Amino acid sequence: METDVTEIADGIYRFSTFVPEVGPTGFTFNQFLVDAEEPLMFHTGLRGMFPLVSGAIAGVMPVERLRWITFGHLEADECGAMNELLAAAPDAVVAHDALGCMVSIDDLADRPPRPLGPDEVLDLGGKRIRNVDTPHVPHGWDAHVLYEETTGTLFCGDLMSQVGRGPAITSDDVLEAAAQAEDMFLSTCLTPQTGATIRALAELQPARLAIMHGSSFEGDCAAALMALADDYDRRVAAAGE
C-alpha cells in the first residue's frame, strides 16, 4: 500500500491510503494535517498504517512538530495509531470532545487528553479549529466534527463516505455515491436528530468537506449537506414505517 499526499486547501494536507480489499471497489482511508504554528492531525489511521501515515507527515514536516491529535469518534481507523503518534511527537496532546475524553480517551491515551467544549476554538497560529459536537452523527456517542475557520474546511469524518478510488478533491456531486455507500454499510445512526444535526453543519457554509473515505468535496457544501440531511430524513421515516 502507498499513501498519497495532496494539499486540498492552504496548509491542509490529505493523506490517503487505498485498500482494494474493502468493499466492492476498494476503500480509501484518509487523514488530514493542518500545518500551522501548532500543527494538528485529524484522524491517526489504523495502528497498522502508522508507518505509512507517519511517513506522509514527514514528507510535509517533521513528525515531532505535531501538537494536536484529533479524530471524529472512537474507532480504530480514526484513532488506532493515537499512542504511536503521541510517542513520535513528544509535545502532542490528544484533543477530543469532553464526553469522549471522560468515557474513553482519559483511559486509552498514554498522555492525558485535552477535552474540548461545544464550539470551543483552538487557535493553532495561522489556523483556527472550531469543535462542533455531533453526538451519534454519523455514529458514536462521542462524535464531533472540526471546522477550520480560515479556509472554510469542515473535517466531517465518515459523513459523505464513498467507496472506490476517486480524485483527492472534486467539485462533482458526491451525494449519490455517499447514498450508495450508506446502502452498503448501513453505518450511520438513524435518529430523529440526524438530519437536524447535519443541517446545523450546513449553516457553517463551509467551502470544502474533508471526507474520511472517498474524495473530499469543494463547491456548494451547504447544499450538499442539506441534501444529505434530507436523505437521512427519508431513511429515518422509512425505518419507522
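What counts as what
Residues numbered from 1 in each chain as written. Predicted model: local features only at pLDDT ≥ 70, side-chain atom pairs only at ≥ 80, totals over all residues. Heavy atoms only, no water. Axes fitted to C-alpha atoms, helices over the stretch in contact; angles between N-to-C directions. Helix = DSSP H or I, 4+ residues; strand = E, 2+ residues; numbered from the N terminus. Parallel < 35°, antiparallel > 145°, perpendicular 65-115°, else oblique. Contact = heavy atoms within 4.5 Å. Nonpolar A, V, L, I, M, F, W, Y, C, P; charged D, E, K, R; others polar. Phe/Tyr/Trp six-rings, centres within 6.5 Å; stacked < 30°, edge-to-face > 60°. Lys NZ or Arg CZ within 6 Å of the ring centre and 35° of its normal. Core = buried A, V, L, I, M, F, W, Y, C linked by side-chain atoms within 4.5 Å. Buried < 20%, exposed > 50% of the residue type's maximum accessible area, 1.4 Å probe, protein only. Pairing = 2+ DSSP bridges. 1 Å grid on protein atoms, 1.4 Å probe; cavity = no way out; pocket = protein on both sides within 12 Å on 5 of 7 lines; lining within 4 Å. Points joined across faces, edges and corners; volume = space filled by probe spheres on them. Salt bridge = Lys/Arg side-chain N within 4 Å of Asp/Glu carboxyl O.

Our focus in this paragraph is the packing of helix α6 (residues 194–202) against helix α7 (residues 221–240). Relative orientation of the contacting elements α6 and α7 amounts to 175°, with a least axis distance of 8 Å. Taken together, the axis directions place α6 and α7 in an arrangement best described as roughly antiparallel. Each of Thr 194, Gly 195, Ile 198, Arg 199, Leu 201 and Ala 202 in α6 lies in contact with α7, whose residues at this interface are Ala 222, Leu 225, Met 226, Leu 228, Ala 229, Asp 230, Tyr 232 and Asp 233. Among the residues forming the contact of α6 with α7, the class breakdown is nine nonpolar, two polar and three charged.

On to the packing of aromatic side chains. Each aromatic ring pair is described using two quantities: the centre-to-centre distance and the angle formed by the ring planes. Scanning the entire structure with this criterion turns up four aromatic pairs. Of note, Arg 67 hangs over the ring of Trp 68, and the distance from its end group to the ring centre comes to 4.4 Å.

On to the nonpolar core. Counting residues in each nonpolar core, the largest one holds 27 residues, and the members touching the most others are Ile 57, Leu 66 and Met 82. When residues of this core are traced back to their parent elements, those giving at least two are β2 (12–19), β3 (27–34), α1 (50–58) and α3 (82–88). Ranked by residue count, the leading element in this core is α1, at four residues. If sequence neighbours within four positions are ignored, Leu 66 has contacts with Leu 33, Pro 39, Leu 40, Met 41, Met 61, Leu 85, Ala 89, Asp 91 and Ala 92.

Within strand β10 (residues 144–148), five of the five residues are buried, which leaves the element mostly enclosed by the surrounding structure. On β10, burial covers both faces: His 144, Leu 146 and Glu 148 on one face and Val 145 and Tyr 147 on the other are all buried. Direction of pairing for strand β9 (residues 128–133) relative to β10: antiparallel, over a ladder of five bridges. In the sheet register, Ile 129 faces β10, and the bridge partner there is Glu 148.

Turning to the layout of surface pockets, a few remarks are in order. Estimates place the volume of the largest pocket at around 210 Å³. Of all the secondary structure elements, the ones that give two or more residues to the lining of the largest pocket are α5 (175–185) and α7. For the lining of the largest pocket, the class distribution of residues is ten nonpolar, five polar and four charged.

Using the criterion set out here, one finds one cavity of 30 Å³ or more in the structure. Of the volumes computed, that of the largest cavity is approximately 50 Å³. Lining the largest cavity are 13 residues, and of these Gly 72, Pro 138, His 144, Cys 156 and Gly 157 sit closest to its centre. For the lining of the largest cavity, the secondary-structure elements that each account for two or more residues are β10 and β11 (153–157). Ranked by residue count, the leading element in the lining of the largest cavity is β11, at three residues.

Alternating positions in strand β13 (residues 208–211) separate into two faces, Arg 208 and Ala 210 on one and Leu 209 and Ile 211 on the other, with burial throughout. The pairing of β11 with β13 spans four bridges and is parallel. By the bridge assignment, Phe 155 is partnered in β13 with Ala 210. Of the pairings in the sheet, the one linking β13 to strand β14 (residues 216–218) comprises two bridges and is antiparallel in character. Directly across from Arg 208, in β14, lies its bridge partner Glu 218.

Taken as a whole and assessed by the stated rule, the structure comprises twelve salt bridges. One salt bridge connects Glu 218 with Arg 208, and the closest N-O pair in it is separated by 2.8 Å. Taken together, the residues span a long stretch of sequence, with Glu 218 in strand β14 and Arg 208 in strand β13 at a distance of ten residues. A salt bridge links Arg 235 to Asp 231; the shortest N-O distance between them is 2.8 Å.

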